[in-house]
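# Secondary and tertiary structure notes
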Amino acid sequence: MNFSQALRSARQERHLSQLDLALRAGTTQRHLSFIESGRSQPGRTMVVRLGESLELSLRDRNDLLLAAGYAPVYPQTGLDAPELEHVRSALDHILTGHLPYPAIVVDADHNLVLANDAFTLFTEGVAEKLLEPPINVLRLSLHPDGVAPRIVNLSQWAQHILDRLPPGEFRDELAAYVPHVEPGPDHVGFAAPMHLRSPRGDLHLTTTITTFATALDVTVAELKLEAFLPANAETAALLTQGLGN
């Protein structure tokens, strides 16, 4: 898509009128109309403002800039680069502080970036092929050779995962691993717990997901920290007893 098409498509996907977007971006509906029709070429600052107003990801804002003929504004730095040492240090601190409960950091493709020692709860007994980098945590969770055989409420957990994914080949792959079950009246979406069999006993886990919304680097902005928490006192006791084992 050229810039005009990309801008119009992004606006319409968010169900915004030209007036809505113009007010957000601090311009006029007439000017925005000219931009979307290709009659006016926006400056770099305007493109950045439009990307921010549309609440695009940093990666998509860079793509919008490229479509308009400008260089990307937001850097994409490897997490192992010296410039992001403070980020790695902070993530390691968070992961360690979450013990004895599992916690992981994944990238935009759901590949494992970092994990604390309690993540072994999920890797015990899974096929080696699923642990070869990059480890995709969603595939690890639902694959028949992965964690799936130990998830008691697999259908519910799978629906919780599939609900988070856009249509596409990856979603279709994961959906094929589990029986299709229509969500019933008890389906709770994002709050679905995981009922996991483990050597320590039956664990009931819920999750929280943290993103780095104020990051100005594409790599950091796309990271997600998923922390698993005990859903009952029995699970908390079992995990605490395993600390240091």
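Calculation rules
- Here the residue index of a chain counts from 1 through its sequence in written order.
- Local features in this predicted model are restricted to residues whose pLDDT is 70 or higher, and side-chain atom pairs enter the listing and the counts only when it is 80 or higher, whereas totals over whole chains, interfaces and linings include all residues.
- Just so you know, side-chain values use all the structure's heavy atoms and leave hydrogens and water out.
- Nonpolar cores are built from buried Ala, Val, Leu, Ile, Met, Phe, Trp, Tyr and Cys residues. Side-chain atoms within 4.5 Å join them into one set.
- When accessible area is computed with a 1.4 Å probe and restricted to protein chains, residues below 20% of their type maximum are described as buried, those above 50% as exposed, and intermediate ones as partly exposed.
- Strands here mean DSSP runs of E at least two residues long; helices mean DSSP runs of H or I at least four residues long; both are numbered from the N terminus.
- Contact criterion: two residues are considered in contact whenever any of their non-hydrogen atoms come within 4.5 Å of each other.
- Axis definition: a line fitted to C-alpha atoms, over the contacting stretch in the case of helices. Angles run 0 to 180 degrees between N-to-C directions.
- Each angle gets one of four labels, with under 35 degrees taken as roughly parallel, over 145 as roughly antiparallel, 65 to 115 as roughly perpendicular, and the rest as oblique.
- In this scheme Phe, Tyr and Trp rings, the latter by its six-membered ring, pair at centre separations within 6.5 Å, and the angle between planes marks the pair as stacked below 30 degrees, edge-to-face above 60, and tilted otherwise.
- By the criterion adopted, a ring carries a charge over it if an Arg CZ or a Lys NZ lies within 6 Å of its centre and within 35 degrees of its normal.
- At least two bridges found by DSSP between two strands are what make those strands a pair.

### Here's the deal with the nonpolar core
Ranked by size, the top nonpolar core spans 31 residues in total, and within it Phe 122 and Leu 142 carry the most contacts. Elements with a minimum of two residues in this core: strand S1 (103-106), helix H7 (120-123), helix H8 (137-142), helix H9 (154-162), strand S3 (194-198), strand S4 (201-211) and helix H12 (233-241). When residues in this core are grouped by element, the largest group, five residues, is from H9. Beyond its immediate sequence surroundings of up to four residues, Leu 142 is in contact with Ala 148, Leu 154, Trp 157, Ala 158, Ile 161, Leu 174, Tyr 177 and Val 178. Formed by 22 residues, the second largest nonpolar core is a distinct cluster that contains Ala 25, Val 48, Leu 58 and Ala 68.

### Considerations on the packing of helix H1 (residues 3-13) against helix H3 (residues 29-37)
The description of two packed helices rests on the angle between their axes and on the distance between the axes. Relative to each other, H1 and H3 sit at 125 degrees, their axes nearing to 7 Å. As judged from the angle between their axes, H1 and H3 are oblique. Touching Phe 3, Ser 4, Leu 7, Arg 8 and Arg 11 of H1 are Leu 32, Ile 35, Glu 36 and Ser 37, all from H3.

### A few points about the packing of aromatic side chains
Following the criterion strictly, the structure yields two aromatic pairs and no others. With a centroid separation of 5.8 Å and 55 degrees between ring planes, the pair formed by Phe 119 and Phe 122 is classed as tilted. There is no split in this pair, since Phe 119 and Phe 122 are both buried. Pairing Phe 122 with Phe 228 gives two aromatic rings, centres 4.8 Å apart and planes at 50 degrees, and the pair type is tilted. Of this pair, Phe 122 sits in helix H7 while Phe 228 sits in strand S5 (residues 224-230), and the two are 106 residues apart along the sequence. Like Phe 122, the residue Phe 228 is buried in the burial classification. Counting every residue linked through ring pairs, the aromatic cluster contains Phe 119, Phe 122 and Phe 228. Of note, Arg 39 hangs over the ring of Phe 34, and the distance from its end group to the ring centre comes to 4.0 Å.

### Here's the deal with the sheet that holds strand S2 (residues 112-115)
Judged by pairing direction, the sheet is antiparallel, and its five strands sit side by side in the order S2-S1-S5-S4-S3 without closing on themselves. Taken across any chain shown, the strands that pair with only one partner, and hence form the sheet edges, are S2 and S3. Mean inter-strand twist for the sheet, computed between neighbouring axes without regard to direction, equals 30 degrees. Relative to S5, S4 runs antiparallel, the two being bridged by seven bridges. When the sheet's bridge partners are listed, Thr 208 is paired in S5 with Ala 227. Contacts between H12 and the sheet are confined to S4 and S5, with S4 contributing the most and set at about 90 degrees to the helix.

It is worth stressing that arrangement in space is one thing and function is another; only the former is reported here.
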